[in-house]
Amino acid sequence: MHTHEHTQEDSFHSNLHLVIIDSVTPLLSPLLGGQQSQGHALMGHLALALRTLAQDHSIAIVYTNNTVSDGVAGSEGLKPALGRTWSHVPSARVTLTSTPPHPTAAPARGRERRACLTKSTRQSAGIATAFSISDAGVQPWSAVAT
């Protein structure tokens, strides 16, 4: 019986190429702060487990981390919700932002969104692209009809 389960598991992993966790923040934030002294250790353990899973099975793991106010009065700045400890976990970080739709924009245009590479172990940070998500799907911002 154990051999059959192991074969099924190997078959599953051989077809797996991507794991998406949306969002990791609700999983970890209750463990941080307050009386939860083990929170940072558990966060580190999860980070190691995700990295090991990715390396052992040659898969990509994508997860989101919410943002919170940076706490500076009068600032509209945001920072990652899980703080500095988690900031060292990903090998690449993409920051997603959006702007409110322009009042005179056609409804099909949607709002402008930007994806900016803010950390990478493989290429220079700062690469960005603008895009729109609408009923037509994801399109480069420049290709969206006005």
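Small disclaimer: the values here were computed from a predicted structure and weren't measured.

## Observations regarding unusual backbone geometry
The residue after Asp22, namely Ser23, is reached through a cis peptide bond having omega 15 degrees. Here Ser23 shows up in the loop between strand 1 (18-21) and helix 2 (25-28). The backbone of Ser58 shows a phi angle near 50 degrees, a positive value even though the residue is not glycine. In this fold, Ser58 is placed in the loop between helix 3 (39-57) and strand 2 (60-63).

## Observations regarding the nonpolar core
In this structure, Val24, Leu28, Ile61, Tyr63, Leu82 and Trp86 are the most contacted members of the largest nonpolar core, which totals 13 residues. With four residues, the top contributor of residues to this core is helix 3.

## So, the sheet that holds strand 8 (residues 137-140)
As summarised here, the arrangement of the four strands in space is 5-6-7-8, forming an open sheet in which the pairing is antiparallel. The open sheet terminates on both sides in strands that have one partner only, identified here as strand 5 (92-98) and strand 8. Neighbour-to-neighbour, the strand axes of the sheet open up by a mean angle of 35 degrees, direction not taken into account.

## Observations regarding a nonpolar patch on the surface
Together, Leu18, Ile20 and Val62 make up a nonpolar patch on the protein surface, roughly 270 Å² of accessible area in all. Assignment of secondary structure puts Ile20 in strand 1. According to the relative accessible area criterion, Ile20 is exposed, its value standing at 58%.

## Things to note about the pairing of strand 6 (residues 113-120)
One ladder, built from seven bridges, connects strand 5 with strand 6; its direction is antiparallel. From the neighbouring strand, Val94 faces strand 6, where its bridge partner is Leu117. Looking at chain direction, strand 6 and strand 7 (residues 128-134) are connected through four bridges and run antiparallel. Among the inter-strand pairings, Arg113 is bridged to a residue of strand 7, identified as Phe131.

## Describing the packing of aromatic side chains
Under the counting rule described, the total for this entry stands at one aromatic pair. Summarising the aromatic geometry, the rings of Tyr63 and Trp86 are spaced 5.4 Å apart at their centres and angled 70 degrees between planes, so their arrangement reads as edge-to-face. Of this pair, Tyr63 sits in strand 2 while Trp86 sits in helix 4 (residues 83-87); the two residues are 23 residues apart in sequence, bridging distant segments of the chain. According to the relative accessible area criterion, Trp86 is buried, its value standing at 2%.

## Focus: helix 3
Between its first and last C-alpha, helix 3 extends 27 Å over 19 residues, near the 27 Å set by a 1.5 Å rise per residue. At the C-terminal side of helix 3, Ser58 shows a positive phi close to 50 degrees.

Calculation notes
Along each chain, the written sequence defines residue order, and numbers are assigned to residues from 1. Reporting of local features is limited, given that this is a predicted model, to residues whose pLDDT is at least 70; pairs of side-chain atoms are given and counted only at 80 or more, and all residues count toward the totals for whole chains, interfaces and linings. Each side-chain value is worked out from all heavy atoms of the structure, with water and hydrogens disregarded. Secondary structure follows DSSP: runs of H or I at least 4 residues long count as helices, runs of E at least 2 residues long count as strands, and numbering of each begins at the N terminus. To form a nonpolar core, buried Ala, Val, Leu, Ile, Met, Phe, Trp, Tyr and Cys residues must be joined to one another through side-chain atoms within 4.5 Å. Think of it in three bands: residues with accessible area under 20% of the maximum for their type are buried, residues over 50% are exposed, and the middle band is partly exposed, with areas taken using a 1.4 Å probe on protein chains only. Two strands pair under a simple rule: DSSP has to find at least two bridges between them. Interaxial angle, 0 to 180 degrees, is taken between N-to-C directions of lines fitted to C-alpha atoms, where a helix line uses only the stretch in contact. The patches described consist of residues with a relative accessible area above 30% and no salt bridge, like charges being joined within 9 Å and nonpolar side chains (Val, Leu, Ile, Met, Phe, Trp, Tyr) within 5 Å. Under the convention used here, a 1.4 Å probe and the Shrake-Rupley method define accessible areas, while residue burial counts only the protein chains that appear. When a carboxyl oxygen of Asp or Glu lies within 4 Å of a side-chain nitrogen of Lys or Arg, that pair is called a salt bridge. Here is the rule: rings of Phe, Tyr and Trp (six-membered ring for Trp) pair when centre to centre is within 6.5 Å. Planes less than 30 degrees apart are stacked, more than 60 are edge-to-face, and the remainder are tilted. An expected span of 1.5 Å times one less than the residue number is assigned to each helix.

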